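Observations on chain architecture
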Amino acid sequence: MSGERSLAVSLQELLNSGALATSTFQLKNEESTTFNIAASNTSQMQMLNAAKISLLLARAFAKHKVGAHSSIDASSLQLGDFSLHLGYSLPPPPDGGSAPTENLNEPLISSDDSDASLQFISEFFDLDKPLPQFTGQQQQQSLQNTTTAFNGQMRINTTGTRKPAPTLSFRDVLSKEGFDRVWTLISIDCNPSTNRYVSTTTPEQTLGDLIHCIFSGSNLRLSSTMNHRPPEIIGNSSEGRAVKMNSNTRGTTFSTLVGVGILPTSICRLLSDFLQCEPSVGNEDRLHTCQISIQDAIEDLEHMCAYPQIYLYDPGMDFYSKNLLFGQRLYGRKAELTQVLGITTRLEGGLISSGAECVLLSGGAGSGKSHFVNNVSTFLSNIGWIVSTASCGRDMGHRSSETVLSLLDTLIVNIVAAYNSEGKSAIDALLGVLDSTTLLSLSAYLPSLRIVSGNTDRSTPPNNRPEVSQLQLIFLLPRLLNAILSLNRKVVLYLDNFEHVDSSALALLSELLTSVGRLPSGRSNFLFIGCYRDGISEQHPLTVLSAELRRHQDISLTEMRLNRLSIDDVTDIIMTELRLPRRLVLELANIVHKKTSGHALFVVQLLNSLVRDSVLAYSPMKRRFDWDSAKVRSLKTADSVASLIVSNLNSLTPGELPSLRVLSCFGIQVKLSVLALLKDGCPFGDVEPYLRSLIEGGVVEMKDSLVVFTHDLIQQGVYNNIPTEERRRLHLNIGVCLGMKVSLDQHYMMGQLEGIDFSSLSFEASRNVESQEINAIIGIAANQVNRVDPSSMERSQRIRFAQWNMVAASQFAKRFNFGASAHYCKKGIDLLYDSLWCNETFDLSRALHEGAASALLFLGDISDSQKYANVVIDNLPFADSLAAQYIVLRSWERIGKYEEQVDRGLAILRGLNFDIPLEPSPSLIMDAMAHISSIASKYSIEQIAKLRSGKVDTRKKNILLSLSSIITGALRSSSPFLPLITCAVVNYSLQNGVYEESALSFACLGYFKIALAGDYKEARYWADATKQILNKSGTSIAGSRARILLYGSAVAMGDVESAVHSMLFSLRCSFYGSENLSLLLQSHCELMRTMKRYKELAKLALIDVVMIETLIGTKSNAFDIFEGTIPTENFILADAKAKQNIVSIELIHTRRFFTAFWFGDYQKANESYKAASSVPSSKMPKLWTIYRECYKAIITFHMYAEGEGEEWLQEGMKLLSKFQFWKTISKDVIESKFLLLQAEYHAVSCEISKARASFEASIKSARDHGYTNEQGLAFERYGTFLEALVETTEASVCYKSAHVCYLQWGALALAEHVWKKYKLSTCNEGVHPLLISAAVAKHARS
């Protein structure tokens, strides 16, 4: 197309041309405003074009009327006095030239950033679009802005000067071939005739005449037509229409205009208000006067142009025939919509924040939070976002973890469905990021993952261990969410009723959000929205979480609050629903706003009550909904929304009210399939026949297969209004009916439902009910009876319902929902308040207490877990209390009190008649190990792995679990009893069957065969036996703890504690293996964020961080992550001494030994070595033992060379012989260290040539094996040797080579120390020929 052109055409010529029906007229800059609605047919297009031209005309009238000294008589203006300036585009001429252009950039309607966001919102919210706001001062300001704007737009000519006319006429352009018939309304000129009679009409009447002409295409002045007698001829001509109008002079102007059938009802209303009064119903004509200003007309026309479907076009008859229901759409909230959609727009545009986008939306009850976010979510879903929503109901906090999990489960379903048309890309991507073990573990929580993992068994969770804990869930789910986000799809997670979520679920959410914020793919593709109600306390878990999110560097938090609706919001609600202009509804809106104080739900309920009581009703005469404002104002309304809801119940039919009360007993929502179960077995249980009327009344709504109250305040109002005794009966009847449907009495204490006709549980007889739905019904049945006061029940009834709670707890524990499991156990115990531990309830009491203790343990509630476990221990014989004993052992382990764990474990072992002496001694330990060796010699590796005596019984299982836990505590505390405990457990396993719980003891025994007996051959035997056991086992915790000694891989199984130990082990291997220190520090900091909730484990990692920071010479933010709770290494040491945590004490002193050694402070290093060696745990070999002994040997030879005594030489020689033996076992790891120590020995023995050869051999070995740090150390020690021989040049070359190696390692501070200590700034020599990058050597080997 060529450039924009313009022309001028008289308004009369435009109308005569018929272009309104054949062309499209756009207001200036229409694409950037809300005035962009397209018509669906020719008639609608003509009306919309007429409305836009009428709007320009009305603004011209406003300009003349406002002008204080206007020379134009607005009341006498005619169509021929106006000319429009139109913009258009034509195809380029054949010669490729272009026509001159006119600047059309001057906007008709001012626009700012908020208008742009309004346009973005308008594209989706259709009938719900926020409308232009006009009140009081705003109207005056708008008028002033209009006046100013039209100085440049209307070009009203009072001097006779006009711009030159375009070359082409209007009709020339219309007939031009290729013209697309799209016109831009640039401006309007007014040139009234100077010889004009003085009109008797007002400017408003004149404007009405002109608007009528524009819409009707007639030149008739409507005001004159309505006041003259008609001629005799009646036809379809304009004169005929005038006759038709005049023949009905006894009717109103409005009814006359409507009766003609030419104009939209909204225009008829506007014209009648301009030209003539609209009478009140039942009174004589012309008795009621309704004044309208030109500014009112402008506002009406603006709404017609912006939202023609609502305010211009006539609605279908169903609009007036169907029930009017307020509250279906979104109104107002422009600022909040702009803020939320601004975030999504940034994400869509690739503008990534520093953290995961998180929006917390608060507001009072009934403020419209859920309604707001539901509309936003629907919009985002329509533009391609993957949306997952969930809500946590009141009194359902114990199942809030299940609610959070449902967010991810639904997300996976939606992701797979979204990719379904594209093949298996989503499934393939998940399988590419997550290993099958992780998927199997998570599929127990997220059934949708069975699609991905390929496990279709719905009866048994793929994870065979009930010991999966909340901590493990927190560890695994972030990996899943980040895998989903790596698919590069925009994701929204929306959680409603946030305030009901418990602390364990909040911890899970926090970990999910922070993990997303660490990855670019997460930050760019993720939005979380949480809604909660105002009024939570400072101690509420959500308050704590909010404060944590505000501080967290990986979270970009936006907090918003929905306030009460403004008068403009209420006006918009009534305008849009009634399809009426603002001027007609403003009085009603003021009344409603005053009565409700802008409370959103109150507004909706009050308006719906006006409709229900016919105070607000359709008027056929007025062709609109009508009301008596005085009557509305005088109505006595409730003082709160709750009172109004209760009062509204009086209008329900005898069948609707009981049905609504039944629904309220379930909470905010209930499945249709559950309601179907009540049909025949519960009084008033047949709810289905009344659902339609309740839905039409706006009380409930359908969401998929759920019946949901439209607001929880409605549910609460209905429920609280049920008389106490009736409420008790309802809960009992519902609970008993559902309990009978799933045979709870028959299956008490069995933990499974056998022999049930599942099809009988289905709302649709053809569909089978899945196990998840059965579990839900069990939970609902228990919830119903739990809502009844126990004191009002018979004792037998309470015992029966306590059994139901036990079944529910068992079912939820099997599905790893420990929050729900603990809740039902506690409820069962409460029901037995006067019947605990009697003969009739002894087994039930034990099961409830053990269930509560176990579930609370995995939720991390250690104190309550121990309380319930100790109740069991106090009431049972020792032999029967092993399950509770195991729980106590694990609770001590969970909080890092390993000494208490070992002490309790030793008492248990002795109670089981295990031969554990009171004090361990070397001879007792060696005898025990020899005894086990003699027993094991009878079996091959394969035979040991097959030593299973069938399915393990409960008692044996509890013993094995306890033994495994005892070994774990002894291992982590480096208890001197560990070798004896290990031998006892191995002996028990060989006699009673080898299971996965035995694996850890077998691995430890191999460990001690090396450490205490130096028997590497037998150690290999026990290691191989452990591998065989693990290969035949599932994914048990004991198995993963054994793997940490052999493989260091517990991550995939979600065993957080073992996994963290494993990761620490891996990072330490990388440290000693000469990996780059900067990368290691970064990895440690990432690990710190994961370990934030596991502070006892984090302290071990922080010790390693201090060592790396010292070598690099910089500080990281590792300690800052813990927000002052772990401030320094000295704090860790003091805490370890207070808790007698000898592993941490040894590790800190070992770290200090290493750094002192590296920086050449051998005296301080020796002191730290003594401190570390004094700790009992130092006798057990660890990863750092090799390096500690190597550095100690170097120090001993150095001290001997310094003349400190012969004993230093003797100690050094002992260490050298140890390394000589170790080299035969692992040459790759030990060779360079052995050669370095050999060089040091030759040096102090004055064997110069041998020393040279050994130093260079050590350097070459370190280089070839890729140990840059050891290569640097060998160069530095070689330089010291050469300097003692006064070979200063050669020594400087070695020192410089050491400096280069340390830089390559990343030890910048250590390199700087070498540079300064040996004055390398004055050295002009090169590096040693043996210096080749260890990294290059590694690459060459690979």
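Residues numbered from 1 in each chain as written. Predicted model: local features only at pLDDT ≥ 70, side-chain atom pairs only at ≥ 80, totals over all residues. Heavy atoms only, no water.

From N to C terminus, the protein chain includes 62 helices and 14 strands. Looking at the protein chain residue by residue over its 1342 residues, the buried ones come to 57%. Contacts in the protein chain between residues at least 24 apart in sequence constitute 75% of all its contacts with a sequence separation of at least 6. On the protein chain, roughly 54600 Å² of surface is accessible, and the fraction owed to carbon and sulfur atoms is 51%. (Helix = DSSP H or I, 4+ residues; strand = E, 2+ residues; numbered from the N terminus. Buried < 20%, exposed > 50% of the residue type's maximum accessible area, 1.4 Å probe, protein only. Contact = heavy atoms within 4.5 Å. Areas by Shrake-Rupley, 256 points an atom, 1.4 Å probe, with all protein chains shown as cover.)

Attention now moves to the sheet that holds strand E4 (residues 182-190). Sheet strands associate in pairs through backbone hydrogen bonding, adopting either a parallel or an antiparallel arrangement. Judged by pairing direction, the sheet is mixed, and its four strands sit side by side in the order E1-E3-E4-E2 without closing on themselves. Only two strands of the sheet have a single neighbouring strand rather than two, namely strand E1 (5-10) and strand E2 (24-27). Across the sheet, the mean angle from the axis of one strand to that of its neighbour is 40 degrees, orientation sign disregarded. Judged from the six bridges that link them, strand E3 (residues 82-88) and E4 form a sheet pairing that is antiparallel. Within E4, the position partnered with Gly87 by the bridge is Thr184. (Pairing = 2+ DSSP bridges. Axes fitted to C-alpha atoms, helices over the stretch in contact; angles between N-to-C directions.)

It is worth spelling out empty space enclosed by the protein at this point. A full pass over the atoms with the stated rule returns 13 cavities of 30 Å³ or more. Roughly 100 Å³ of internal volume is contained in the largest cavity. Around the largest cavity sit 15 residues that line it, and Ser266, Arg269, Pro315, Tyr320 and Arg579 are the ones nearest its centre. Grouping the amino acids of the lining of the largest cavity by side-chain chemistry returns eight nonpolar, two polar and five charged. (1 Å grid on protein atoms, 1.4 Å probe; cavity = no way out; pocket = protein on both sides within 12 Å on 5 of 7 lines; lining within 4 Å. Points joined across faces, edges and corners; volume = space filled by probe spheres on them. Nonpolar A, V, L, I, M, F, W, Y, C, P; charged D, E, K, R; others polar.)

Spatially, the three strands line up as an open sheet ordered E12-E14-E13, and their pairing is antiparallel. Of all strands in the sheet, those with a lone pairing partner are strand E12 (669-671) and strand E13 (700-703), marking the two edges. Across the sheet, the mean angle separating the axes of adjacent strands is 25 degrees when strand polarity is ignored. Of the strand pairs in this sheet, E12 and strand E14 (residues 706-709) are connected by three bridges, and their pairing is antiparallel. For Lys671, the partnering residue across the bridge sits in E14 and is Leu706. Its contacts with the sheet place helix H30 (residues 656-664) against E12, E13 and E14, and it is angled at close to 95 degrees to E14.

With that settled, the discussion passes to the packing of aromatic side chains. In the structure shown here, the tally under the stated rule is 34 aromatic pairs. Ring plane angle 35 degrees and centroid distance 5.1 Å describe the contact between Phe170 and Trp183, whose orientation is recorded as tilted. Taken as a pair, Phe170 in helix H6 (residues 170-174) and Trp183 in strand E4 lie far apart in primary sequence, 13 residues in all. Accessibility expressed as a relative area gives 1% for Phe170, which makes it buried. With 5.1 Å between their ring centres and 65 degrees between their planes, Phe1219 and Trp1222 make a pair best called edge-to-face. With Phe1219 and Trp1222 both in helix H56 (residues 1206-1225) and three residues apart, this pair spans about one turn of that helix. Each member of the pair, Phe1219 together with Trp1222, is buried. An aromatic cluster of at least three residues, connected via ring pairs, comprises Phe1071, Tyr1072, Phe1153, Phe1154, Phe1157, Trp1158, Tyr1162, Tyr1169, Tyr1187, Tyr1191, Tyr1302 and Trp1305. Over the ring of Phe319 we find Arg579; its NZ or CZ atom is 4.9 Å from the centre of that ring. (Phe/Tyr/Trp six-rings, centres within 6.5 Å; stacked < 30°, edge-to-face > 60°. Lys NZ or Arg CZ within 6 Å of the ring centre and 35° of its normal.)

Along the chain, Ile536 turns up in the loop between strand E8 (526-533) and helix H24 (541-551). Accessibility expressed as a relative area gives 26% for Ile536, which makes it partly exposed. When the C-alpha atoms of Ile536 and Glu499 are compared, they prove to be 7.4 Å apart, with 37 residues separating the residues in sequence. Filtering out sequence-adjacent residues up to four positions away, Ile536 remains in contact with Glu499, Leu542 and Thr543.

Let us now look at the pairing of E2. A one-sided burial pattern is seen for E2, the buried positions being Phe25 and Leu27 and the unburied ones Thr24 and Gln26. Sheet analysis places E2 next to E4, joined by four bridges and oriented parallel. Within the sheet, the bridge partner assigned to Gln26 lies in E4 and is Thr184.

On to helix H60 (residues 1288-1305), then. Between its first and last C-alpha atoms H60 spans 25 Å; for 18 residues at 1.5 Å apiece the expected length is 26 Å, and the two agree. Within H60, the full set of buried residues consists of Ala1291, Ser1292, Val1293, Cys1294, Tyr1295, Lys1296, Ser1297, Ala1298, His1299, Cys1301, Tyr1302 and Trp1305. After H60 finishes, the residue Gly1306 shows a positive phi value of roughly 100 degrees. (Expected span 1.5 Å × (residues − 1).)

This part takes up the packing of helix H25 (residues 567-578) against helix H26 (residues 582-596). Across the interface, H25 lies against H26 with an axial gap of 8 Å and an inter-helix angle of 125 degrees. If you check the angle between H25 and H26, you find them oblique. You can see that H25 and H26 cross each other, and the crossing is right-handed. Seen from H25, the contacting residues are Ile567, Asp568, Val570, Thr571, Asp572, Ile574 and Met575; seen from H26, they are Arg582, Val585, Leu586, Leu588, Ala589, Asn590, Val592 and His593. Its residues assigned to classes, the contact of H25 with H26 shows nine nonpolar, three polar and three charged. (Parallel < 35°, antiparallel > 145°, perpendicular 65-115°, else oblique. Left-handed = near helix turned anticlockwise from the far one by under 90°.)

The next thing to look at is the nonpolar core. One finds Phe498 and Leu663 to be the most contacted residues of the largest nonpolar core, which totals 232 residues. Among the elements that line this core, the one with the most residues is helix H3 (residues 42-66), at 12 residues. Grouped together as the second largest cluster of nonpolar side chains are 89 residues, Tyr898, Met1091, Leu1111 and Trp1184 included. (Core = buried A, V, L, I, M, F, W, Y, C linked by side-chain atoms within 4.5 Å.)

The subject of this paragraph is the pattern of salt bridges. Opposite charge on two side chains lets them pair, provided their charged atoms get close. Evaluation of the coordinates by the stated rule reveals 42 salt bridges. Taking the shortest distance from any N to any O, the salt bridge between Arg795 and Glu840 comes out at 3.0 Å. With Arg795 in helix H36 (residues 795-814) and Glu840 in the loop between helix H37 (818-831) and helix H38 (842-859), this pair connects stretches of sequence that are 45 residues apart. When the shortest N-O distance is used, the salt bridge between Arg798 and Asp834 registers 2.9 Å. Residue Arg798 is located in helix H36, and its partner Asp834 is located in the loop between H37 and H38; the two are separated by 36 residues in the primary sequence. Classification of Arg798 as buried rests on a relative accessible area of 3%. The structure contains a network of salt bridges with shared partners spanning Glu299, Asp568, Asp572 and Arg582. (Salt bridge = Lys/Arg side-chain N within 4 Å of Asp/Glu carboxyl O.)

Phi at Arg623 is positive, roughly 55 degrees, even though this residue is not glycine. Inspection of the secondary structure assignment puts Arg623 in the loop between strand E10 (617-619) and strand E11 (624-626). In this structure, Ser1074 is a non-glycine residue whose phi angle is positive, near 75 degrees. Residue placement: Ser1074 occurs in the loop between helix H49 (1056-1072) and helix H50 (1077-1090). By relative accessible area, Ser1074 is classed as buried at 8%.

It is worth spelling out the environment of Leu330 at this point. For Leu330, the position within the fold is in the loop between helix H14 (317-321) and helix H15 (334-348). Once the C-alpha coordinates of Leu330 and Val373 are considered, the two residues, 43 residues apart in sequence, prove to be 9.9 Å apart.

This brings us to the packing of helix H7 (residues 203-216) against helix H11 (residues 265-275). For the pair H7 and H11, the least separation of the axes is 8 Å and the interaxial angle reads 150 degrees. Here H7 is positioned roughly antiparallel relative to H11, judged by the angle of their axes. For the element pair H7 and H11, the recorded crossing hand is left-handed. Where H7 abuts H11, its residues Glu204, Gln205, Leu207, Gly208, Asp209, Ile211, His212 and Phe215 lie against Ile267, Leu270, Leu271, Phe274 and Leu275. For the contact of H7 with H11, the class distribution of residues is eight nonpolar, three polar and two charged.

Together, Glu1202, Glu1204, Glu1206 and Glu1207 make up a region of like negative charge exposed at the surface. Assignment of secondary structure puts Glu1206 in helix H56. (Patch = residues over 30% accessible without salt bridge, like charges linked within 9 Å, V, L, I, M, F, W, Y side chains within 5 Å. Lys, Arg positive; Asp, Glu negative; His and termini not counted. Charge placed at Lys NZ, Arg CZ, Asp CG, Glu CD.)

What follows deals with helix H51 (residues 1095-1112). Under the 1.5 Å per step criterion, the end-to-end length of H51 is 25 Å for 18 residues, consistent within 8% with the ideal 26 Å. Taking burial as the measure, the 18 residues of H51 include 16 buried ones, the bulk of the element. Looking one or two places after H51, you find Gly1113, whose phi comes out positive at around 90 degrees.

Take the confidence of the model for the protein chain next. When pLDDT is low, close inspection of the predicted coordinates is not appropriate. Predicted confidence across the protein chain gives a mean pLDDT of 79, with 79% of residues reaching 70 or more. This model gives residues 277-290 a pLDDT under 50, and the stretch forms 21 contacts once residues within four places in sequence are excluded. pLDDT under 50 marks residues 1333-1342. Its contacts with residues more than four places away, or in other chains, come to 18 contacts. (pLDDT = per-residue confidence, 0-100.)

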